[in-house]
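As a plain string of letters, each chain reads:
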Amino acid sequence: MANFASQLKAEISRIARKEIRAGTQALKKASTQYRTDIAALRRRIAEQDRVIARLRKAKPVVETSRTSEEGLQLCFRADGFANLRKKLGLSAADMGKLLGVSLQTVYHWEKGQSKPRAGQMQRIADVRKLGKRGAAVHLASFTAPKLT
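Residues numbered from 1 in each chain as written. Predicted model: local features only at pLDDT ≥ 70, side-chain atom pairs only at ≥ 80, totals over all residues. Heavy atoms only, no water.

Asker: Would you explain the overall build of the protein chain in this entry?
Answerer: Assigned secondary structure in the protein chain consists of 5 helices and 2 strands. Going from N to C terminus, the protein chain has its helices and strands arranged as α-β-β-α-α-α-α. Split into buried and exposed, the 148 residues of the protein chain put 22% on the buried side. Considering only intrachain contacts with a sequence separation of at least 6, the fraction spanning at least 24 residues in the protein chain is 53%. Accessible area for the protein chain stands at about 11,500 Å²; split by element, carbon and sulfur atoms hold 57% of it. (Helix = DSSP H or I, 4+ residues; strand = E, 2+ residues; numbered from the N terminus. Buried < 20%, exposed > 50% of the residue type's maximum accessible area, 1.4 Å probe, protein only. Contact = heavy atoms within 4.5 Å. Areas by Shrake-Rupley, 256 points an atom, 1.4 Å probe, with all protein chains shown as cover.)

Here's what the structure looks like:
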């Protein structure tokens, strides 16, 4: 009888372990998947932190948005303004004459230390439409001696 009881006890223990293993197998798979997802999220967060750090180190872009009379949105970027002046082949003083501002104001705009006002934004948009020859013609009209 002792042999029968010990065999019954061993069989019950084996079946119980089998049931527990089946139940915990699903939990192990879920746990493994969660760990994988957490590791992927940590990598994404680290990448986002690197991007944020790189953007903080980058040169800040000064943007000013104005609306013109036609309803168009006018935007100002300091580096874009400097590129416009270089594209037109103008000195800062010449650009200032075209826009009706001082040469120092042009430098401040290019460095991002100040922003143009709404009226100046419209004049910048007009100069942007001129092109190299048009800018030269307008400058010549400013510097031409007035005959009476």
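Asker: Which parts of the structure should I look at to understand the environment of Gly 96?
Answerer: Along the chain, Gly 96 turns up in helix α3 (residues 92-99). Filtering out sequence-adjacent residues up to four positions away, Gly 96 remains in contact with Val 101, Ser 102 and Val 106.

Asker: It is not clear to me how the packing of aromatic side chains should be interpreted in this structure. Could you clarify?
Answerer: The relative placement of two aromatic rings is captured by the distance of their centres and the angle of their planes. Within the structure shown, the criterion is met by 3 aromatic pairs. Geometrically, the ring pair formed by Phe 76 and Phe 81 is tilted, given 5.7 Å between the ring centres and 45° between the ring planes. With a relative accessible area of 1%, Phe 81 lands in the buried category. Ring centres of Phe 81 and Trp 109 lie 5.5 Å apart, and the angle between their planes is 80°; on these two criteria the pair is classed as edge-to-face. In this pair, Phe 81 is assigned in helix α2 (residues 78-88) and Trp 109 in helix α4 (residues 103-111), connecting sequence segments 28 residues apart. We note that Phe 81, like Trp 109, is buried. An aromatic cluster of three or more residues is present, and its members are Phe 76, Phe 81 and Trp 109. (Phe/Tyr/Trp six-rings, centres within 6.5 Å; stacked < 30°, edge-to-face > 60°.)

Asker: How should I be thinking about the nonpolar core in this particular structure?
Answerer: Membership of the largest hydrophobic core comes to 19 residues, with the highest contact counts inside it found for Phe 81, Leu 88, Leu 90, Met 95, Leu 99, Trp 109 and Ile 124. Broken down by secondary-structure element, the contributors of at least two residues to this core are β2 (73-77), α2, α3, α4 and α5 (118-143). Counting residues per element, this core draws most heavily on α5, at 6 residues. Not counting chain neighbours up to four residues away, the residues in contact with Met 95 comprise Phe 81, Leu 84, Arg 85, Leu 88, Leu 90, Val 106 and Val 127. (Core = buried A, V, L, I, M, F, W, Y, C linked by side-chain atoms within 4.5 Å.)

Asker: I would appreciate a short explanation of the packing of α3 against α4 in the present structure.
Answerer: Packed helix pairs are specified by the crossing angle of their axes together with the interaxial distance, meaning the distance between the axes. Put simply, α3 and α4 touch, their axes get as near as 8 Å, and they point 105° apart. Relative to α4, α3 is oriented roughly perpendicular. Mapping the contact onto sequence places Ala 92, Ala 93, Met 95, Gly 96 and Leu 99 in α3 and Leu 103, Val 106, Tyr 107 and Trp 109 in α4. Taken together, the residues of the contact of α3 with α4 break down into 8 nonpolar, 1 polar and no charged. (Axes fitted to C-alpha atoms, helices over the stretch in contact; angles between N-to-C directions. Parallel < 35°, antiparallel > 145°, perpendicular 65-115°, else oblique. Nonpolar A, V, L, I, M, F, W, Y, C, P; charged D, E, K, R; others polar.)

Asker: Is there a simple way to explain the confidence of the model for the protein chain in this structure?
Answerer: Detail in the predicted coordinates should be disregarded across regions flagged by low pLDDT. Residues at a pLDDT of 70 or more form 85% of the protein chain, whose mean pLDDT is 83. The spread of mean pLDDT over the elements of the protein chain runs between strand β1 (residues 63-67), the lowest at 51, and helix α1 (residues 2-57), the highest at 92. (pLDDT = per-residue confidence, 0-100.)

Asker: Would you mind going over α4 with me for this structure?
Answerer: Because each turn of an α-helix spans 3.6 residues, side chains separated by three or four positions in sequence point in the same direction. Taken together, the buried positions of α4 are Val 106, Trp 109 and Glu 110. The arc that holds the buried residues of α4, viewed along the axis, is 95°, so those residues lie on one side. Just downstream of α4 lies Gly 112, where phi reads positive at about 80°. (Arc of directions from axis to C-beta.)

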